Amino acid sequence: PPSPDGFFGSKPRLVRNLSFKTPPCIVIIDPLSSGMSLASLLAQRGYAVVRVFSSNFPESLTNLVPKNLPRVEWFHTIYHEGSSVSSTLEKVMALQGVHVENFMVGCESGVELTDELTNMWVERYGG
């Protein structure tokens, strides 16, 4: 369960001095299989990691983690299924306590949504 401030596990930390005061956040669309490795690497580097699922994947798949990886502490989880791209982006940008720095694809099923979110993010927020 999340702590009172909404974090699961350890808090993300500021990894470098930039113009914003909140920790950087990377959004990974469908962090399944090798995408979980990407999430783990980013979390170890101090990024807040948000996962967005493009479909309703079974829990057995979303919790499938390679044995050699430490458990990823997700900052937040967003489900896109049935939502518009605009609505999903609004949910991402409404997250408090982090600065969204980029979107990344976690596996093949997330490629299209990653492209759509990234393009809309650049148009609306200047990426």
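Note that the structure is predicted; figures quoted are calculated from it, not measured.

Student: Tell me about the sheet that holds strand 2 (residues 48-53), and name the residues and values.
Tutor: Pairing in this open sheet of 4 strands is parallel, and the strands run 3-2-1-4 from one edge to the other. Only two strands of the sheet have a single neighbouring strand rather than two, namely strand 3 (76-79) and strand 4 (99-105). Here the strands of the sheet are splayed against their neighbours by 25° on average, with no regard to which way each runs. Sheet analysis places strand 1 (residues 24-29) next to strand 2, joined by 5 bridges and oriented parallel.

Student: Could you give me a rundown of helix 4 (residues 111-125), with the residues and numbers involved?
Tutor: Helix length check: helix 4 (15 residues) gives 21 Å between terminal C-alpha atoms against 21 Å at 1.5 Å per residue, within 8%. Residues of helix 4 that are buried: Leu113, Thr114, Leu117, Met120 and Trp121. Projected down its long axis, helix 4 carries its buried residues within an arc of 140°, all on one side. In helix 4, the exposed positions that point more than 90 degrees away from the buried face belong to Glu112 and Glu123. Next to the buried residues of helix 4 lie strand 1, strand 2, helix 3 (85-93) and strand 4. Of the residues trailing helix 4, Gly126 is marked for its positive phi of about 80°.

Student: Which residues make up unusual backbone geometry, and what are the values?
Tutor: Comment: phi is negative for the bulk of residues other than glycine, and the bulk of peptide bonds are trans. Phi is positive for Asp30, which is not a glycine, with a value near 55°. Among the structural elements, Asp30 can be located in the loop between strand 1 and helix 1 (34-44). Residue Asp30 is classed as buried on the basis of its relative accessible area, which comes to 0%. For Ser33, which is not glycine, the phi dihedral falls at a positive 55°. Summarising the element assignment, Ser33 is placed in the loop between strand 1 and helix 1.

Student: Describe the confidence of the model for the protein, with residues and values.
Tutor: Mean pLDDT over the protein: 85, with 83% of residues reaching 70 or higher. Contacts of residues 1-9 to residues separated by more than four positions or lying in other chains number 11 contacts, the stretch itself having pLDDT below 50.

Student: Go over the nonpolar core, please, and point to the residues and values.
Tutor: Among the nonpolar cores identified, the biggest contains 19 residues, and Val27, Ile29, Val50, Val52, Val92, Phe103 and Leu117 are the most heavily contacted of them. Sorting the residues of this core by element identifies strand 1, strand 2, helix 3, strand 4 and helix 4 as the ones contributing at least two each. Looking at this core element by element, the count peaks at 4 residues for helix 4. Among residues more than four places away in sequence, those in contact with Val92 are Val27, Val52, Ile78, Val100 and Phe103. Within the second largest apolar cluster, 9 residues are counted, among which are Ala39, Leu42, Tyr47 and Val72.

Student: Can you explain the pattern of salt bridges? Please cite residues and give values.
Tutor: Inspection of every chain in the model, using the stated rule, returns 2 salt bridges. Between Glu73 and Arg71 there is a salt bridge whose closest N-O contact spans 2.7 Å. Linking Glu90 and Arg124 is a salt bridge whose minimum nitrogen-to-oxygen distance equals 3.9 Å. Placement of Glu90 in helix 3 and of Arg124 in helix 4 is noted, with a sequence separation of 34 residues between them. A relative accessible area of 46% means that Glu90 is categorised as partly exposed. Take Arg124: its relative accessible area is 42%, and that puts it in the partly exposed class.

Parameters at a glance
- Residues numbered from 1 in each chain as written.
- Predicted model: local features only at pLDDT ≥ 70, side-chain atom pairs only at ≥ 80, totals over all residues.
- Heavy atoms only, no water.
- Pairing = 2+ DSSP bridges.
- Helix = DSSP H or I, 4+ residues; strand = E, 2+ residues; numbered from the N terminus.
- Axes fitted to C-alpha atoms, helices over the stretch in contact; angles between N-to-C directions.
- Expected span 1.5 Å × (residues − 1).
- Buried < 20%, exposed > 50% of the residue type's maximum accessible area, 1.4 Å probe, protein only.
- Arc of directions from axis to C-beta.
- Contact = heavy atoms within 4.5 Å.
- pLDDT = per-residue confidence, 0-100.
- Core = buried A, V, L, I, M, F, W, Y, C linked by side-chain atoms within 4.5 Å.
- Salt bridge = Lys/Arg side-chain N within 4 Å of Asp/Glu carboxyl O.

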